[in-house]
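# Observations on chain architecture
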Amino acid sequence: MIMKRYDAIKKIITDLDDELVISNIGFPSRELYGIKDRNNNFYMSGSMGMATPIALGLSLALEEKSDDRKVIVIDGDGSLLMNFGELITVYAQNPSNLIIALIDNEAYGSTGSQETYTSKVNLSNIAKSIGYNEVYYVDARNSVDNIDIKQYLDKKEPVFLHIKVKPGNTKAPIIDKTPSQIKNRFMESINKEN
Ligand SMILES: Cc1ncc(C[n+]2csc(CCOP(=O)(O)OP(=O)(O)O)c2C)c(N)n1
């Protein structure tokens, strides 16, 4: 079976409970919305390369409040390449509660699957060379069964979970909410459960 971003997101979100999820712009957010809309989803609809920085800010804010909830960011290879400094910033800030689920389809999938360079460059190796201790690579191109997000929830350092999938989008719905509504719902949800 050919596995795409959609299948990886579905596996991740099905395995989670009430963890906070930030998703990347474009089809990743639309697919997540279609699979499982939740108050604890923040659909980042601004710019490539900003999902992980937003997740980092949230992680640090939760740590400051001794709130032990976990943050999972569903990011993309094109976006990571566009804002590569984010990997270094996350490493240096060392949040104990952040999992970067990097869905690597070797493409700018949301805009027509133009190729990125991750077929030539190994993002896991880069994360390791920065210093990340928790780096996991899952080749999910044929099956998503080995994506087991739960096993990383107890880690005390940032996790870089590198998931390789095939490119391609699904017929995901348009998110029927304004950016303000998305933000306000997410913030209310965080504060309510505190
Ligand atoms: C700074 C910036 N440049 C271009 C775009 C247009 N754009 C939106 S999503 C996207 C592709 C994102 O690719 P990737 O991060 O690999 O995620 P995928 O869609 O493949 O899951 C592009 C080029 C944008 N939103 N922001």
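Quick caveat: nothing in here was measured; it's all calculated off a predicted structure. Residue numbers restart at each chain and count upward from 1, following the sequence in its written direction. For a predicted model such as this one, the threshold for reporting local features is a pLDDT of at least 70, and the threshold for listing and counting side-chain atom pairs is 80 or more; totals across whole chains, interfaces and linings nevertheless cover every residue. Excluded from the side-chain calculation are hydrogens and water; included are all heavy atoms of the structure.

## Here's the deal with the sheet that holds strand β1 (residues 20–23)
Spatial ordering of the open sheet is given by β2-β1-β3-β4-β8-β7, a layout of six strands whose pairing is parallel. Every interior strand has two partners, whereas the edge strands, β2 (41–43) and β7 (134–139), have only one. In this sheet, neighbouring strand axes are inclined to one another by 15° on average, regardless of whether the strands run parallel or antiparallel. As defined by bridge partners, β7 adjoins strand β8 (residues 159–164) across six bridges and the pair is classed as parallel. Among the inter-strand pairings, Y136 is bridged to a residue of β8, identified as L161. In short, DSSP must find at least two bridges between two strands for them to pair. Helix and strand assignments come from DSSP, with helices taken as H or I runs of at least 4 residues and strands as E runs of at least 2, each series counted from the N terminus. For helices, the axis comes from a line fit to the C-alpha atoms of the stretch in contact; other axes are also lines fit to C-alpha atoms, and the angle between any two N-to-C directions lies between 0 and 180 degrees.

## Thoughts on the side chain of N41
As for its position among the elements, N41 is in strand β2. Under the scheme applied here, a residue whose accessible area is under 20% of the maximum for its type counts as buried, over 50% as exposed, and between as partly exposed, the area being computed with a 1.4 Å probe on protein chains only. Exposure remark for N41: the relative accessible area of 0% places this residue in the buried category. A distance of 3.1 Å separates the side chain of N41 from the side chain of Y43, its partner in a polar contact. Contacts: residue pairs with any heavy atoms within 4.5 Å of one another. Those residues within four positions of N41 in sequence are excluded, and the remaining contacts are I13, V21, L32, K36, R185 and F186. Two N or O atoms form a polar contact when they lie within 3.5 Å of each other; inside protein one atom must be a possible hydrogen donor and the other a possible acceptor, and for residues adjacent in sequence the pair counts only when both atoms belong to side chains.

## Structural notes on the site of the ligand
Near the ligand, the surroundings consist of 17 residues, among which R5, G78, S79, G109 and S110 are the closest. Between the ligand and G109, the relevant distance is 2.7 Å, taken from an oxygen atom to a main-chain nitrogen or oxygen of the residue. At a separation of 2.7 Å, an oxygen atom of the ligand approaches a polar side-chain atom of S110. Shrake-Rupley sampling with a 1.4 Å probe provides the accessible areas, and residues are treated as covered by the protein chains on show and by no other component. Taking 590 Å² as the accessible area of the ligand by itself, protein coverage stands at 77%. Among the secondary structure elements, those contributing two or more residues to the shell around the ligand are α4 (77–82) and β5 (107–108). With four residues, α4 is the largest single contributor of residues to the shell around the ligand. Under the grouping applied here, Gly and all other residues not named as nonpolar or charged are polar, the nonpolar ones being Ala, Val, Leu, Ile, Met, Phe, Trp, Tyr, Cys and Pro and the charged ones Asp, Glu, Lys and Arg. Considered class by class, the residues forming the shell around the ligand number six nonpolar, nine polar and two charged. Definition of nearness: a residue and a molecule or strand are near each other if at least one heavy atom of the residue lies within 4 Å of the molecule or strand.

## Topic: the UniProt feature "domain: Thiamine pyrophosphate enzyme TPP-binding" (unreviewed entry) in the protein chain
In the numbering used here, UniProt assigns the feature "domain: Thiamine pyrophosphate enzyme TPP-binding" (unreviewed entry) to residues 43–163. Secondary structure content for residues 43–163 is 31% helix and 24% strand, and the end C-alpha separation is 20 Å. UniProt positions are given in the numbering used here, feature names are shortened, and annotations may be inferred rather than shown by experiment.

## Notes on the environment of A51
Inspection of the secondary structure puts A51 in helix α3 (residues 51–64). Between the C-alpha atom of A51 and that of E31, which follows or precedes it by 20 residues, the distance is 15 Å.

## Some words on the packing of α3 against helix α5 (residues 85–93)
Where α3 meets α5, the axes come as close as 10 Å, and the angle between the chain directions of the two elements is 10°. Considering their axes alone, α3 and α5 lie roughly parallel with respect to each other. Two packed elements cross with a definite hand, and for α3 against α5 that hand is left-handed. Of the residues in α5, those touching α3 at T52, P53, L56 and L60 are E86, T89, V90 and Q93. Residue classes in the contact of α3 with α5 are distributed as four nonpolar, three polar and one charged. These descriptions rest on fixed angle ranges, namely under 35 degrees for roughly parallel, over 145 for roughly antiparallel, 65 to 115 for roughly perpendicular, and the rest for oblique. Handedness of a helix crossing follows the sense of rotation of the near helix relative to the far helix, less than a right angle counterclockwise being left-handed and clockwise being right-handed.

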